[in-house]
Amino acid sequence: MIPQLGQAALLLALAVALLAGTVPLAGATLGRPRWMALARPLARLHFALVVAAFGCLAASFVRNDFSVLYVAVNSNSTLPLGYRLAGVWGGHEGSLLLWLTMLAGWMLAVAQFSRQLPEAFVARVLAVMGWISIGFLLFMLLSSNPFERVFPPPPDGNDLNPLLQDPGMVAHPPMLYMGYVGFSVAFAFAVAALLGGTLDAAWARWTRPWTTAAWACLTIGIMLGSLWAYYVLGWGGWWFWDPVENASFMPWLAGTALIHSLAVTEKRGAFKSWTVLLAIVAFSLSLLGTFIVRSGVLSSVHAFATDPKRGLIILVFLAIVIGGSLALYAWRAPTLGLGSRFGVVSRESMLLANNVLLVVAMLSVLLGTLYPLLLDALGQGKLSVGPPYFDTVFVPLMVPAVLLLGLGPLAKWKQAALPELAHRLRWAAVASIAAALIAGAWAGHISAGTTLGLWMAFWIVASIAVDLWQRRGQWQALPRAMVGMLVAHLGVAAFAFGISMVKSYEAERDVKMAPGDTAELAGHVFAFRGVREMQGPNYDALQGLLEVSRGGTLVATLRPEKRIYRVQQTPTTEAAISPGPVRDLYVSLGEPVDQGRAWIVRLYVKPFVDWIWGGCVLMALGGAIAASDRRYRARRRESQAGVIAEAGA
Amino acid sequence: MKGLRFALPLALFAALVFFLWRGLSLDPREVPSPLIGKPAPAFALAQLDDAAPTLRRDDMLGKVWVLNVWASWCTACREEHALLLAFSGAGIVPIVGLDYKDTQPEAQAWLARFGNPYTATAFDGDGRVGIDFGVYGVPETFVIDRRGVVRFKQVGPLTPQVLEQRILPLLKELSRG
């Protein structure tokens, strides 16, 4: 009964989405207020129906209803309840339903928080989002129905992929999709503006909080994924340049560029067509990411669901959405006009340079991700592009980007003077270089690469300090958007600091250890106390016990595990980590040797590794603070007044 | 003609769609190999572990065995590694590694770090033997019978399905025959 209800809810949602995609749009074109007014109620109804469908799938998981094929494939009666719920998005069909739920949520949010926007604009935005929903609903109903039944139902399910049975995995996809799908708002705003033919500072002001909120969610989503890889895959790595990771990183880079160019469009009216293009690109990359993960064109650790027919449907959908919006852009963008002029050295020019760097970074990730596919499609053979390529391309792009990150916020709009900037930042430059050298010497040794990395972190901090010093006395009056920017930039600093420290000073050892053996690593003594068998709810495990001491005092007790999940008989490695602000102690079990009398144990001491994720949290927090700026929620009259005032200025 | 630059993103995207569409009809994992049913190319290579004697194809005649092409630079190899270790642990047939276009210290470190599933590893630093075997995606896995004939080839990481449904039945059949 419940699965049928879910199915019905999806069909009804499709009908509602069709209405939402057409009637308000026609109303906006023909100037019929009553048709336009339908947009908001339809968005609410659409949300209710999609959430009902999602709830039905979740209920099927909770009730172990294995007559639903998707539940049978992704769950098992011994699976703990929390993971049964996470199983809702553990596979292909459910992931799509989660995607759709997020989209419905963002539509609802737009419907609720858009009172200050013109009716015709809201109608167009919701209609565009309605069309995206139509595409996803059709895809689900035609090729990936989560409510498909099996008869007779199997006695028990196939279990959730053991790698996904992890708290990090419960939260990672929803946050990631919140971000991915959140860019659909900026996309819809851009398309609505192109359709309506008006694109002004007010448009940029409306778009900014939505973009920033989506970007913050995406940041957290990527961070959780990376954290998950760090402690589940057992290699101590946190980013692998895997195609699927890249798929989430590309929209992030485009979104970061978009946030910055929106600032220019709002304040100075410049970069209009560029901003619109970025809004289209950011969401297109989210869709492309979905395509890459779901179609199986690239083989990767994450590509657990692959089916060419599904791939073709997504590709057609991509072609319509992205191709259509880019065609609209090609047609309407030339009429948007240019913004005000600015000097070669100005905040605008620096933000433009930052945009170019971010977009080039995004394109090089795109190239590296798709290159194997391009070669293959041309019959030139298969190969995989690995971390060396990305590292080589990325560092030279990020160094100038960080340099600008320090300069930009201090530069004046329109026209800045380089000598004056240099004068203001001279202490920041000296202090950051000195701090980088001191930190390097303190951590062990000084090398060019590390000093560069550490300098980037300290440069950001120092330039923020200079900025705040020069604004002393007016801190109370700092707008939230500005505070958010400073916090996010501090996040970049923490991130760069963490990476530089880990890359340069992490210590790693693989040792054969029998019970009672000790091994020394970076001032820590690891004592192996042996391995015992234990049983989890749906797995059997071997659990090692290690005691770590430093200078004679016990600092951590670590219990790494090797698990075999009973249903799928898949082995997984659970690393044991003792996290800390200045270092992580990381231990994972390798293989048993000498007939099980000893084990290969991997030991790592990773200095400041948590700063990487801490930096991401700061960036997202900065985004959240900026998005909550009251200025963005100003009433329509005030914002129009603002436009006039700005135009007059 | 100034308006044309606004159409550039559309043109780029159209090209991308073309490639993605072509990509859909290609399976990244399945490649026909002209080697199947033919004798495995002859080779004589130093082993990764310097102390061990030269490894030749003909050393393996009379045995059913598996050749796994890997390298320390290959991330996809890590993906199949746990499976390979389990497979090797079962001790069904010898698994010979072919360390392709690699350096010895890095390869040895890699095995020490991730575990060594191989009965022996031939070191193919310049990749010549790999070329004879038609390697163009690492990892690759070959099943070779007693007479030295290649019976199966997998491009890309092994999966539990391929191992259970293709390789294990084939090995059973070959060992019986």
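Keep in mind that this is a model prediction, so the values were computed, not measured.

Draft legend 1. Quick peek at the overall build of chain B. Helix and strand content of chain B: five helices and seven strands. Out of the 177 residues belonging to chain B, those deemed buried represent 39%. Of the contacts formed within chain B by residues at least 6 apart in sequence, a portion of 74% connects residues at least 24 apart.

Draft legend 2. Inspection of the overall build of chain A at higher detail. When helices and strands are counted, chain A shows 20 helices and ten strands. A sequence separation of at least 24 residues applies to 75% of the contacts in chain A between residues at least 6 apart.

Draft legend 3. Up close: the packing of helix α1 (residues 2–30) of chain A against helix α7 (residues 119–143) of chain A. Residue and element names in this part refer to chain A. One way to put it is that α1 packs onto α7 with a least axis distance of 7 Å and a crossing angle of 150°. In this view, α1 runs roughly antiparallel relative to α7, as classed from their interaxial angle. α7 is crossed by α1, and the crossing has left-handed handedness. Contacts between α1 and α7 pair L10, A13, L14, A17, L18, A20, G21, P24, L25, G27 and A28 from the former with A120, A123, R124, L126, A127, G130, W131, S133, I134, L137, M140 and L141 from the latter. For the contact of α1 with α7, a count of residues per class yields 18 nonpolar, four polar and one charged.

Draft legend 4. Quick peek at the environment of A120 of chain A. Residue and element names in this part refer to chain A. Of note, A120 is situated in helix α7. C-alpha of A120 to C-alpha of W442: the two residues are 322 residues apart in sequence and 61 Å apart in space. Apart from residues no more than four positions distant in its own chain, A120 is found in contact with A28, M36 and G196.

Draft legend 5. Summary view of the nonpolar core. In terms of nonpolar packing, the biggest core is built from 214 residues, with L103, M107, L126, A186, F189 and A279 of chain A touching the most fellow members. Element by element, the count of residues in this core is highest for helix α9 (residues 201–232) of chain A, at 19 residues. Leaving out residues up to four positions away in the same chain, L126 of chain A has contacts with A20, P24, A39, A43, M107, V110 and A111 of chain A. Listed in part, the 35 residues of the second largest apolar core include L48, A107, L111 and V150 of chain B.

Draft legend 6. Main features of the sheet that holds strand β3 (residues 65–70) of chain B. All names here are of chain B. The sheet built from five strands is open, its strands ordered β5-β4-β3-β6-β7 with mixed pairing. Each edge of the open sheet is held by one strand with a lone partner, namely β5 (120–124) and β7 (150–155). Sheet twist, expressed as the average angle between the axes of neighbouring strands with direction ignored, equals 20°.

Draft legend 7. Just the domain arrangement of chain A, in detail. Residue and element names in this part refer to chain A. As far as domains go, chain A holds domain 1 (2–397 + 618–648) and domain 2 (508–607). Computed over C-alpha atoms only, the centres of domain 1 and domain 2 are separated by 39 Å. Tallying the contact residues gives eleven residues for domain 1 and 14 residues for domain 2.

Draft legend 8. Fine view of the packing of helix α17 (residues 448–470) of chain A against helix α18 (residues 480–505) of chain A. Residue and element names in this part refer to chain A. In the contact formed by α17 and α18, the axes pass within 8 Å of each other and the chain directions differ by 160°. Viewed along their axes, α17 and α18 adopt a mutual orientation that is roughly antiparallel. Classified by chirality, the crossing of α18 by α17 is left-handed. Counted together, T450, G453, L454, M456, A457, I460, V461 and I464 of α17 and L486, H489, L490, V492, A493, A496, F497, I499, S500 and S504 of α18 form the full contact between these two elements. Per-class residue counts for the contact of α17 with α18 are 13 nonpolar, five polar and no charged.

Draft legend 9. Quick look at the pairing of strand β2 (residues 518–521) of chain A. The pairing of β2 of chain A with strand β3 (residues 524–535) of chain A spans four bridges and is antiparallel. The residue bridging E520 of chain A from the neighbouring strand is V525 of chain A, located in β3 of chain A.

Draft legend 10. Region of interest: the confidence of the model for chain A. All names here are of chain A. Chain-level pLDDT for chain A is 87 on average; 93% of the residues reach the 70-or-more range. Ranking the helices and strands of chain A by mean pLDDT puts helix α3 (residues 39–62) first, with 96, and helix α20 (residues 636–648) last, with 40. With pLDDT under 50 throughout, residues 299–306 is counted as low confidence; its partners more than four residues away or in other chains account for 19 contacts. Low pLDDT, under 50, characterises residues 636–649; the stretch is placed with ten contacts to residues that sit more than four places away or in other chains.

Draft legend 11. Region of interest: the confidence of the model for chain B. With 89% of its residues at a pLDDT of at least 70, chain B reaches an overall mean of 82. For this predicted complex, the interface score ipTM comes out at 0.76, alongside a pTM of 0.81.

Draft legend 12. Inspection of the environment of F133 of chain B at higher detail. Residues and elements named next belong to chain B. Considering the arrangement of structural elements, one finds F133 in the loop between α4 (128–132) and β6 (140–144). F133 gets classed as buried once you count the C-beta atoms within 10 Å, which come to 23. Not counting residues within four places of it along the chain, the set of residues in contact with F133 comprises L35, P41 and F142.

Draft legend 13. Up close: the pairing of strand β7 (residues 570–574) of chain A. Residue and element names in this part refer to chain A. Here strand β6 (residues 561–565) runs beside β7; their pairing, made up of five bridges, is antiparallel. For Y565, the partnering residue across the bridge sits in β7 and is T570. Linking two consecutive strands that pair antiparallel, namely β6 and β7, is a turn of four residues; a positive phi of about 55° is found at Q569 within it.

Draft legend 14. Unusual backbone geometry, seen in detail. F151 of chain A connects to P152 of chain A through a cis peptide bond whose omega is -5°. Position of P152 of chain A relative to the elements: it lies in the loop between α7 and α8 (167–196). We note that F271 of chain A has phi near 60°; this positive angle belongs to a residue other than glycine. Looking at the secondary structure, you find F271 of chain A in the loop between α10 (243–268) and α11 (272–295). Using a count of 24 C-beta atoms within 10 Å as the deciding quantity, one classes F271 of chain A as buried. Its identity is not glycine, yet K101 of chain B carries a phi of approximately 45°, on the positive side. Among the secondary structure elements, K101 of chain B is positioned in the loop between β4 (95–100) and α3 (104–114).

Draft legend 15. Up close: the sheet that holds strand β9 (residues 583–593) of chain A. All names here are of chain A. The sheet built from four strands is open, its strands ordered β1-β10-β9-β8 with antiparallel pairing. Each edge of the open sheet carries a strand with a single partner, namely β1 (507–513) and β8 (576–578). The mean inter-strand angle of the sheet, taken between neighbouring strand axes irrespective of direction, is 20°. Two elements, β1 and strand β10 (residues 598–607), share seven bridges in a ladder whose sense is antiparallel. Each bridged residue has a counterpart across the sheet, and for E508 the counterpart in β10 is Y604.

Draft legend 16. Layout of the environment of G269 of chain A. Residue and element names in this part refer to chain A. As for its position among the elements, G269 is in the loop between α10 and α11. A count of 19 C-beta atoms within 10 Å places G269 in the partly exposed class. For the pair G269 and A202, spaced 67 residues apart in the sequence, the C-alpha separation amounts to 9.6 Å.

Conventions we followed
- Residues numbered from 1 in each chain as written.
- Chains lettered and ligands numbered in written order.
- Predicted model: local features only at pLDDT ≥ 70, side-chain atom pairs only at ≥ 80, totals over all residues.
- Helix = DSSP H or I, 4+ residues; strand = E, 2+ residues; numbered from the N terminus.
- Buried ≥ 20, exposed ≤ 12 C-beta atoms within 10 Å, placed from the backbone.
- Contact = placed C-beta atoms within 7 Å.
- Axes fitted to C-alpha atoms, helices over the stretch in contact; angles between N-to-C directions.
- Parallel < 35°, antiparallel > 145°, perpendicular 65-115°, else oblique.
- Left-handed = near helix turned anticlockwise from the far one by under 90°.
- Nonpolar A, V, L, I, M, F, W, Y, C, P; charged D, E, K, R; others polar.
- Core = buried A, V, L, I, M, F, W, Y, C linked by C-beta atoms within 7 Å.
- Pairing = 2+ DSSP bridges.
- Domains from an automatic or database assignment.
- pLDDT = per-residue confidence, 0-100.

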